[in-house]
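As a plain string of letters, each chain reads:
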Amino acid sequence: MADTVREIERKYEAGDGAGRTAAALLPDLTGAAPVAAVTDRGTAELDAVYYDTADRRLAAAGITLRRRTGGTDAGWHLKLPVAPGVRDEIRAPLGAGVPRALAALVRSRSRDAPLAPLVRIASRREIHHLLDDAGTLLAEACADTVTATSLTGGGGTAGWTEVEIELADGADPALFDALEPHLRKAGLRPSKAPGKLARALAETGTPQPPRPPARPLPRTATAGEHILAFLREQVEAVAALDPAARRGTEDGVHRMRVAIRRLRSAFRTYGKVLDRRVTDPLGEELKWLAGELGADRDREVVAERLHAHLDELPRTLVRGPVRARLRIRDSRSRIESRRRLITVLDGERYLSLLDSLDALLADPPLRTAASRAAGPVLAKAVLRDYARLAARVEHALATAAPGPGRDVALHDARKAAKRTRYAAEAAVPGLGKAAKRFAQQMKTVQSLLGDHQDSIMVRGALRTIAAQADGAGESTFTFGLLYGREEQRADGAERELPGVWQKVSDQRWREGLAI
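Would you take a moment to explain the overall build of the protein for this structure?
A count of helices and strands for the protein gives 16 helices and nine strands. With the C-alpha coordinates aligned to their principal axes, the bounding extent of the protein is approximately 80 × 65 × 45 Å. Evaluated residue by residue, the protein yields a buried proportion of 48% over its 515 residues. Across the protein, every contact between residues at least 6 apart in sequence was considered, and the portion connecting residues at least 24 apart equals 72%. Surface summary for the protein: the accessible area is close to 24500 Å², and the carbon and sulfur share equals 51%.

Help me out: how do you make sense of empty space enclosed by the protein in this one?
One simple way to see leftover space: roll a probe sized like a water molecule over the atoms. Evaluated as defined, the whole model comprises one cavity of 30 Å³ or more. Of the pockets and cavities examined, the largest cavity occupies roughly 40 Å³. Along its surface, the largest cavity is lined by Val302, Ala303, Leu306, His307, Leu326, Arg329 and Asp330. Of all the secondary-structure elements, those providing two or more residues to the lining of the largest cavity are helix H9 (276–312) and helix H10 (322–345). In terms of residue count, the dominant contributor to the lining of the largest cavity is H9 (four residues). Taken together, the residues of the lining of the largest cavity break down into four nonpolar, one polar and two charged.

Would you mind going over the pairing of strand S6 (residues 116–131) with me for this structure?
For a regular strand, side chains alternate in direction, first toward one face of the sheet and then toward the other. With 14 bridges joining them, strand S2 (residues 37–52) and S6 adopt antiparallel strand pairing. Bridge pairing in S6 links Asp52 to Ala116. Direction of pairing for S6 relative to strand S7 (residues 137–150): antiparallel, over a ladder of 13 bridges. Residue pairing for S7: Leu131 is matched across the bridge by Leu137.

Honestly, the packing of aromatic side chains in this entry has me stumped. Any pointers?
Pairs of aromatic rings are described using the distance from one ring centre to the other and the angle between the two planes. Throughout the structure, instances matching the rule amount to three aromatic pairs. For the ring pair Tyr386 and Trp501, a centre distance of 5.9 Å and an interplane angle of 15° mean the geometry is stacked. In this pair, Tyr386 sits in helix H12 (residues 374–398) while Trp501 sits in helix H15 (residues 477–504), placing the two residues 115 residues apart along the sequence. Exposure remark for Tyr386: the relative accessible area of 6% places this residue in the buried category. On the basis of relative accessible area, Trp501 is assigned to the buried category, the value being 4%. Through a chain of ring-to-ring contacts, three or more aromatic side chains come together here, namely Tyr386, Phe438 and Trp501. When the ring centre of Phe477 is taken as origin, the NZ or CZ atom of Arg319, which lies over that ring, is 4.3 Å away. It is Arg349 that lies over the ring of Trp288; its NZ or CZ is 4.1 Å from the centre.

How do you make sense of unusual backbone geometry when you look at a structure like this?
Here the bond from Ala33 into Pro34 is cis, since omega is 5°, no more than 30 degrees from zero. The backbone of Arg111 shows a phi angle near 55°, a positive value even though the residue is not glycine. Of note, Arg111 is situated in the loop between helix H4 (107–110) and S6. Judged by relative accessible area, which is 12%, Arg111 ranks as buried.

So what exactly am I meant to see when it comes to the nonpolar core here?
Here is a general trend for soluble globular proteins: nonpolar side chains tend to be buried in one another's company. The biggest cluster of nonpolar side chains holds 70 residues, and the ones touching the most others in it are Leu231, Met256, Tyr270 and Tyr350. Those residues in contact with Leu231, other than ones at most four positions away along the chain, are Leu263, Ala266, Phe267, Leu274 and Leu361. Membership of the second largest hydrophobic core comes to 21 residues, among which are Leu25, Leu130, Leu167 and Ala171.

Explanation requested: the side chain of His129 in the structure shown.
By the secondary structure assignment, His129 is in strand S6. The buried category is assigned to His129, whose relative accessible area is 15%. Within the local environment of His129, its side chain forms a polar contact with the side chain of Glu140, the two groups lying 3.1 Å apart.

What is the right way to look at a positive patch on the surface in this model?
A cluster of basic residues, Lys272, Arg367, Arg372, Lys380 and Arg384, forms a positive patch on the protein surface. Judged by relative accessible area, Arg367 falls into the partly exposed class, the value being 41%.

Looking at this model, I keep getting lost on the side chain of Ser150. Mind explaining?
Tracing the sequence through the fold places Ser150 in strand S7. One polar contact links Ser150 to Thr206, side chain to side chain, over a distance of 3.2 Å. Not counting residues up to four positions away in its chain, the partners in contact with Ser150 are Leu118, Val119, Gly155, Gly156, Thr204 and Thr206.

What is the right way to read the environment of Ile90 from this model?
Along the chain, Ile90 turns up in strand S5 (residues 86–92). You can call Ile90 buried: its relative accessible area is 0%. For the pair formed by Ile90 and Lys79, sequence separation is 11 residues and the distance between their alpha carbons is 6.4 Å.

Hey, could you run me through the pattern of salt bridges in this one?
Tallied over the full model, the rule gives 51 salt bridges. With a closest N to O distance of 3.3 Å, Lys79 and Glu89 form a salt bridge. With Lys79 in strand S4 (residues 75–83) and Glu89 in strand S5, this pair connects stretches of sequence that are 10 residues apart. Residue classification places Glu89 among the buried positions, given a relative accessible area of 3%.

Is there a simple way to explain helix H8 (residues 252–269) in this structure?
Each full turn of the α-helix corresponds to 3.6 residues, which orients residues three or four apart in the same direction. Taking 1.5 Å of rise per residue, the 18 residues of H8 would be expected to cover 26 Å, and the 26 Å separating its terminal C-alpha atoms lies within 8% of that figure. Taking burial as the measure, the 18 residues of H8 include 13 buried ones, the bulk of the element.

I would appreciate a short explanation of the environment of Gly291 in the present structure.
Relative to the helices and strands, Gly291 resides in helix H9. As a C-alpha pair, Gly291 and Val49 span 242 residues in sequence and 39 Å in three-dimensional space.

Procedures and definitions
- Along each chain, residue indices are assigned from 1 in the same order as the chain's sequence is written.
- The predicted nature of this model means local features are confined to residues of pLDDT at least 70 and side-chain atom pairs, given and counted, to a pLDDT of 80 or more, with totals for whole chains, interfaces and linings taken over all residues.
- Excluded from the side-chain calculations are hydrogens and water; all other atoms, namely the structure's heavy atoms, are used.
- Secondary structure elements are taken from DSSP: a helix is a run of H or I of four residues or more, a strand is a run of E of two residues or more, and numbering for both begins at the N terminus.
- For the exposure calls, accessible area comes from a 1.4 Å probe over protein chains only, and a residue counts as buried if that area is under 20% of its type's maximum, exposed if over 50%, partly exposed in between.
- By the convention used here, residues are in contact when the closest approach between their heavy atoms is within 4.5 Å.
- Here the Shrake-Rupley method, with its probe set to 1.4 Å, supplies the accessible areas, and only the displayed protein chains count as covering residues.
- In this analysis a 1.4 Å probe is tested at points of a 1 Å grid over the protein atoms alone, and where it fits but cannot get out there is a cavity; an open set with protein on both sides within 12 Å along at least five of seven lines is a pocket; lining residues have an atom within 4 Å of a point.
- Grid points are joined across faces, edges and corners, and a volume is the space filled by probe spheres set on the points.
- In this count, Pro and Cys sit with the nonpolar residues alongside Ala, Val, Leu, Ile, Met, Phe, Trp and Tyr, while Asp, Glu, Lys and Arg are called charged and the others, Gly among them, polar.
- By definition, two strands form a pair when at least two bridges between them are found by DSSP.
- Pairing of aromatic rings covers Phe, Tyr and Trp, the last counted by its six-membered ring, and requires centre-to-centre distances within 6.5 Å; plane angles under 30 degrees mean stacked, over 60 mean edge-to-face, and any other angle means tilted.
- For a Lys NZ or an Arg CZ to count as sitting over a ring, it must be within 6 Å of the ring centre and within 35 degrees of the ring normal.
- Buried Ala, Val, Leu, Ile, Met, Phe, Trp, Tyr and Cys residues form a nonpolar core when they are joined through side-chain atoms within 4.5 Å.
- Nitrogen and oxygen atoms within 3.5 Å of one another constitute a polar contact, given that in protein one can donate a hydrogen and the other can accept it, and given that sequence-neighbouring residues count only through two side-chain atoms.
- In this scheme, patches are assembled from residues that exceed 30% relative accessible area and form no salt bridge. Like charges are connected within 9 Å, while nonpolar side chains (Val, Leu, Ile, Met, Phe, Trp, Tyr) are connected within 5 Å.
- Every case where a carboxyl oxygen of Asp or Glu lies within 4 Å of a side-chain nitrogen of Lys or Arg is listed as a salt bridge.
- Charge assignment in this entry is limited to Lys and Arg as positive and Asp and Glu as negative, and neither His nor the chain termini are counted.
- To locate a charge, take NZ of a lysine, CZ of an arginine, CG of an aspartate or CD of a glutamate.
- Any helix carries an expected span of 1.5 Å times its number of residues minus one.

In structure tokens:
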């Protein structure tokens, strides 16, 4: 797999707009605390060809894919946005075509559209290293003379100069604030374009990618406008988190599943806004996708809880090769779940679902309530979900006998709490603080019931592991101990639920939604 580098940088241009040579742009930053010295690292000639779909889907998502020669990191570079000024750069060796590993990471954007050359950007880069008083590299400061050429036909060429400051690994981002006054004094200002590609597209006359609708919505926005805005955010989150899920980054799969569940919940909750005859089939596909991704997430939950519980035990209570068996199990299940996840994300069914979600947003099946004032429509939908949750919690509390029946009732209540929370979150822009507080209360219930459900899942895993250990002639004492602790944790959640529910179900949390 390709190498990954976290890139944290800022770009600057001449504030007065006047054309200056790159050498004249970059001031001497020696003495700009904590910079103790600046060393000249010479000049590099960089030549990069940027790839995208014909309708600029990668550029619209803030993603860049390029093949660059020259410098110390020649090769294919895929840059995925993480936060403003922060990107993950994934590198692959030079080759004639787009590497398959990188193409897969943008498949949620490109779908079946080919990736073709878009713009060529050549840069003459003057490189300087900023060092602290111990000689440690803080950042690389570069002055670039740039020439951009459109490769799509009908476009032109453009040239400019700019300064780029990129932090070294582990450097404090506060360095940017320390350098800013010196750069501004030299006539530099933060670049208006987020990167070279965006500026190249604008200045060569290359058609720009479509812009998403502006946020936040005006106060006069209808119920339909609010729900569609929420759906756009979740559809975008699914596509944006696809690379993280493929790469196995922390919480990537979990956050993707949350976005999927929010979409499905919104379809069901806001059936008065969107026609369920259209959204129900999509909801079923979303349910399938969440289930397929669930294996990897369940593996993460089981591994985290078992290792955490094991770390809490005294060494005298850890008998037999417990840690080794858990590591072997986690390794095997990781390989299996990752293989399954990639198969799903590379499959036509998943890509078809993404296309269908885009089509829904492009031509939403709005009902009459969609054109009404947002407040009453959203509040009524949230309170309707709350009533369903209340009925399920009361049923679970009334199921006194422990066992599978009560476990199922608590799990049903958990799913209702999750749906009610997501409904309230979708309504926050339209209902304000009352909906936000309500969502937080629903999250409290969801988390408590989620901990109970996770305990059931972990106990099931422990029974399997203990049986395997017993078959191998190993001690199962520690696994039994962990099982008992999980039982106690579940019992604690059940005892805590009545008090939590009493507090959450207090009328005051609903009064703010009674519009």
